[in-house]
Amino acid sequence: MNKVLEVRNLSKIYGPGCPHCIESTGPEADTNLCPHCGSVVAIHDVSFDLFEGEILGVMGESGSGKSTVVKALYFDQAPSGGEAIFFDGDTQHELFALNAARQRWLRNHRFGMVYQNPNLGLNFNISAGGNIAERLLMSDLMDYGAIRERAKALLARTEVLLSRVDDLPKHFSGGMQQRVQIAKALATQPPLLFLDEVTTGLDLSVQARILDLILEIQQELKTAMVVVTHDLGVIRLLTGRAIVMKYGRVIETGLTDQILEDPQHAYTQRLVASAL
Amino acid sequence: MNPPILQVEGYAKHFQLHEQNKLIPSSHNVSLTVRSGELTALIGPTGAGKSSVLKGIYRTYLPSAGRMLYRDALGHELDLALAGEHQILELRRREIGFVTQFLHCLPRQPTLDVVAQPLFGLGVARPEARQRAADLLSAMSLPERLWSVSPATFSGGERQRVNLARGFIARPRLLLLDEPTASLDPKTAECVIGLIEGLKAGGTAMLAIFHHPETTRRLADQVVELAPPPAVETLLKEIA
C-alpha cells in the first residue's frame with residue numbers, strides 16, 4: 001500500500017498569537033480562544049497518514065477545527081505551522097514549502113475538493129458543463145470538443161441529467177449542485193480528494209446517493225479521501241479510520257468501528273452515546 | 001493436527017466509562033487456539049464476554065490485556081493487539097472476516113452488492129463478483145426477488161443470511177462468527193452448517209460463538225467455555 005499524504009504537527013492560529021496560546025487552549029482548557037491575546041487556536045499539532053484508496057474520517061463538533069485541516073491542505077488557508085508531504089508516484093511534494101504557482105498547480109491537477117457550500121466550489125454564473133470545463137482548462141486540456149465530451153461523461157457518471165449540462169448551477173437542487181461539484185473535483189482524476197461536510201443539509205435520500213457515489217469512486221479510481229463530517233452515520237458508512245477532534249486538537253484516532261464501539265476518550269464516549 | 005493460525009493468550013477486555021466513572025468487565029483471561037481448516041467454538045452463558053473476544057481479535061475493541069498471535073498468509077507472525085491500523089485494515093480486506101449479528105450497509109444498496117462487497121474490495125470484476133454473490137444467496141435459499149433490493153427491510157433471518165453470505169464469499173483465512181445460526185429456521189440452519197463445513201474443508205480457520213449444543217457437537221473441533229468475568233472489585237485489585 002502506498003502512502004499518499006503525511007501530515008505532521010499542523011497548526012493554524014488566527015490572531016497575533018502569544019506564548020500562552022497553546023497551554024491556554026484545547027480540550028482541557030475547554031476553549032480554543034486564548035484568554036491572553038484573544039487569538040483562536042483553530043488547530044494545533046494535528047498529524048495523520050493517508051494511504052492510497054483509503055478514506056479517513058475527521059469528526060468533531062462545530063468549532064473543533066476539522067474543516068480547517070482540509071482547508072489548510074487544499075491551500076485555502078495557509079497554516080501557522082507544521083508540514084505535509086504529498087506522495088505523487090515517485091515525486092514528493094512538501095506542500096507548505098512550495099511557491100504559490102506550484103501550490104495552484106497541485107490544487108488544479110492532483111487534488112479535488114468538495115465543499116459543504118456549493119457556492120465555494122462552483123461558479124454559479126457559468127453552466128454546469130462550463131464549471132467542469134474550467135477545471136479541465138486549468139489542467140491543460142485545450143480541445144473544445146474533447147473538453148465537452150469529458151464534461152458530459154463526468155456529469156453522467158455523477159448522475160446529473162445531460163439535458164441540463166448548459167444550465168446554471170444556481171438553478172439546480174442542493175443534491176444536484178453537490179453532484180456537479182463532485183464531477184468537477186473528479187475532472188482531473190485526482191489521487192487525493194477532500195470532502196467537507198458534503199452531505200450536511202441534504203435530504204436523506206439524496207445523502208444516500210451521494211455516499212453511494214463517493215464509495216464507488218473510491219473503489220473504481222482508488223482515490224484517497226479525507227472526509228470531514230459531524231455525522232457519525234457518514235463516518236461509519238464511508239471511512240475505515242477516523243480521527244476525533246475537539247477544540248483544535250486530535251483527542252483520539254483509530255479504526256472507525258473501534259472508535260464507534262469502544263471509544264477511549266471521555267469526549268468521544270459522550271459524542272458516540274449522543275448519536276441518534 | 002493442522003497448524004494454528006491464531007493463538008490468544010490471556011485476553012481481557014474491560015470498558016472504562018469516563019462519564020459515569022465506571023469500570024465494566026467484559027472478558028477475562030481467555031486463551032484459545034484456532035487452526036486452519038478447523039473450528040473452535042466459544043460457549044458460555046450470556047455476559048461471559050464471548051462477543052468481546054471476537055471483537056478484540058477484529059480490533060473493533062481495543063484489548064485490555066493479552067496477546068493474539070496471528071500467522072498471516074506469508075507465514076509472518078504478528079500480535080493483533082499491537083498491529084498498526086493499516087495492518088489490521090489490510091488483514092480485514094484480505095484474510096480475516098467477521099460475521100456479526102448486525103448488518104451495516106449503505107442505504108439503498110442492492111443485496112447482491114452488499115454480499116459482493118468484499119470481492120469488490122479485492123478488485124474482482126463486478127459481474128463476476130455479483131455472480132458469486134448470486135450463487136451463494138441461492139445456496140442459502142434467499143428468494144431471488146430480494147436480491148435487487150436493500151436488506152434494510154428484511155426479516156431477521158433474511159438479514160442473517162445476507163450477513164453470512166458476505167462473510168463467506170471471499171473465503172477468508174480466518175472467519176469469526178457470532179451465532180451464525182441464531183435466527184434461522186432449521187432448514188436454512190442446516191444449509192448454513194453445510195456451507196461452514198465446506199469452508200472448513202477449504203482450509204478456513206473459524207472461531208464461532210454457538211448456543212446450541214447440537215451445532216457445537218457437529219461443527220466444533222475444539223470447544224472453549226468462558227466463565228463470566230470477575231466482579232469489578234476483584235478486577236480493580238488485579239489491575240492495581
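The model shown is predicted, which means the values in this text are computed figures rather than measured ones.

A look at the overall build of chain A
When its secondary structure is counted, chain A shows 10 helices and 10 strands. Relative to the compact-globule value of 19 Å for 276 residues, chain A shows a C-alpha radius of gyration of 19 Å, a close match. By its C-alpha atoms, chain A is 55 × 45 × 40 Å across when sized along the principal axes. Residue burial in chain A is summarised as follows: out of 276 residues, 46% are buried. The long-range share in chain A, meaning contacts at least 24 apart out of those at least 6 apart in sequence, stands at 66%.

Points about the overall build of chain B
The secondary structure content of chain B amounts to eight helices and nine strands. Compactness check: chain B gives a C-alpha radius of gyration of 18 Å against a globular reference of 18 Å for 240 residues, within 12% of the reference. Counting all 240 residues of chain B, 40% fall into the buried class. Sequence separation of 24 or more characterises 72% of the internal contacts of chain B that already satisfy a separation of 6 or more.

Looking at the interface of chain A and chain B
Listed per partner, the contact involves 21 residues of chain A and 18 residues of chain B. Contributions of two or more residues to the side of chain A that touches chain B are made by helix H7 (204-221), helix H8 (232-238), strand S10 (249-255), helix H9 (256-261) and helix H10 (266-273) of chain A. A per-element tally of the side of chain A that touches chain B places H7(A) first, with five residues. Each residue belonging to the side of chain A that touches chain B can be placed in one class, and the counts come to eight nonpolar, six polar and seven charged.

Examining the sheet that holds strand S4 (residues 65-71) of chain B
Residue and element names in this part refer to chain B. The four strands lie next to each other as S2-S1-S4-S5, forming an open sheet whose pairing is antiparallel. Edge positions in the sheet fall to strand S2 (22-35) and strand S5 (77-79), since each has one partner strand and no second. Sheet twist, expressed as the mean angle between neighbouring strand axes with direction ignored, is 20 degrees.

Considering the packing of helix H4 (residues 128-138) of chain A against helix H6 (residues 174-186) of chain A
Residues and elements named next belong to chain A. Between H4 and H6, the least distance of the axes is 8 Å, while the angle of their chain directions is 25 degrees. With respect to H6, the axis of H4 lies roughly parallel. Where H4 crosses over H6, the two elements pack in a sense that is right-handed. Between H4, through Ala-128, Asn-131, Ile-132 and Arg-135, and H6, the contact on the second element is made entirely by Val-180, Ala-183 and Lys-184. Class assignment for the residues of the contact of H4 with H6 results in four nonpolar, one polar and two charged.

Examining the nonpolar core
Residues and elements named next belong to chain A. One finds Val-58, Ala-183, Phe-194, Leu-195, Val-226 and Val-227 to be the most contacted residues of the largest nonpolar core, which totals 71 residues. Element by element, the count of residues in this core is highest for H6, at six residues. Every residue in contact with Val-227, bar those within four places of it in the chain, is listed here: Ile-55, Leu-56, Gly-57, Val-58, Leu-195, Leu-238 and Thr-239.

Some points on unusual backbone geometry
Comment: phi is negative for the bulk of residues other than glycine, and the bulk of peptide bonds are trans. Within the chain, Glu159(A) stands out as a residue other than glycine whose phi angle is a positive 60 degrees. Turning to its location among the elements, Glu159(A) is positioned in the loop between helix H5 (144-157) and H6. For Glu159(A), a count of 15 C-beta atoms within 10 Å translates into the label partly exposed. The phi dihedral of Asn21(B) falls on the positive side, at around 55 degrees, and the residue is not glycine.

Digging into helix H1 (residues 66-73) of chain A
For H1(A), the tally of buried residues reaches eight of eight residues, placing the bulk of the element in the interior. Residue Phe75(A) follows H1(A) closely and has a positive phi angle near 70 degrees.

Notes on the pairing of strand S8 (residues 205-209) of chain B
Residues and elements named next belong to chain B. With respect to burial, S8 is a largely interior element, five of its five residues being buried. Alternating residues of S8 divide into Ala-205, Leu-207 and Ile-209 and Met-206 and Ala-208, and every residue in both groups is buried. Pairing of strand S3 (residues 39-43) with S8 involves four bridges; the strand directions are parallel. Residue pairing in the sheet places Leu-42 in a bridge with Ile-209 of S8.

Let's talk about the pairing of S2(B)
Residue and element names in this part refer to chain B. The pairing of strand S1 (residues 4-17) with S2 spans 10 bridges and is classified as antiparallel. Each bridged residue has a counterpart across the sheet, and for Val-8 the counterpart in S2 is Leu-32. From the end of S1 to the start of S2, which pair antiparallel, there are four residues, and Asn-21 there has a positive phi angle of about 55 degrees.

Quick word on the domain arrangement of chain B
Residue and element names in this part refer to chain B. The domains assigned to chain B are domain 1 (1-95 + 173-240) and domain 2 (103-171). Taken over C-alpha atoms, the centre of domain 1 sits 24 Å from the centre of domain 2. Contacts between the two partners involve 13 residues from domain 1, matched on the other side by 13 residues from domain 2. Broken down by element, the side of domain 1 that touches domain 2 gets its largest block of residues, five residues, from helix H6 (residues 186-201). For the side of domain 1 that touches domain 2, the residue count by class is seven nonpolar, four polar and two charged.

With respect to the sheet that holds strand S9 (residues 222-225) of chain B
Residue and element names in this part refer to chain B. The five strands lie next to each other as S6-S7-S8-S3-S9, forming an open sheet whose pairing is parallel. Edge positions in the open sheet fall to strand S6 (96-99) and S9, since each of these has one partner strand only. The average angle at which neighbouring strand axes cross in this sheet is 15 degrees, direction not considered. Note that strand S7 (residues 174-178) and S8 share five bridges and pair parallel. Residue Leu-177 lies in a different strand from S8, and its bridge partner there is Ala-208.

Brief notes about the confidence of the model for chain B
Mean pLDDT over chain B: 93, with 100% of residues reaching 70 or higher. Per the prediction output, this complex has pTM 0.91; the corresponding ipTM is 0.91.

Definitions and limits used
Residues numbered from 1 in each chain as written. Chains lettered and ligands numbered in written order. Predicted model: local features only at pLDDT ≥ 70, side-chain atom pairs only at ≥ 80, totals over all residues. Helix = DSSP H or I, 4+ residues; strand = E, 2+ residues; numbered from the N terminus. Rg over C-alpha atoms; globule rule 2.2 N^0.38 Å. Buried ≥ 20, exposed ≤ 12 C-beta atoms within 10 Å, placed from the backbone. Contact = placed C-beta atoms within 7 Å. Nonpolar A, V, L, I, M, F, W, Y, C, P; charged D, E, K, R; others polar. Pairing = 2+ DSSP bridges. Axes fitted to C-alpha atoms, helices over the stretch in contact; angles between N-to-C directions. Parallel < 35°, antiparallel > 145°, perpendicular 65-115°, else oblique. Left-handed = near helix turned anticlockwise from the far one by under 90°. Core = buried A, V, L, I, M, F, W, Y, C linked by C-beta atoms within 7 Å. Domains from an automatic or database assignment. pLDDT = per-residue confidence, 0-100.

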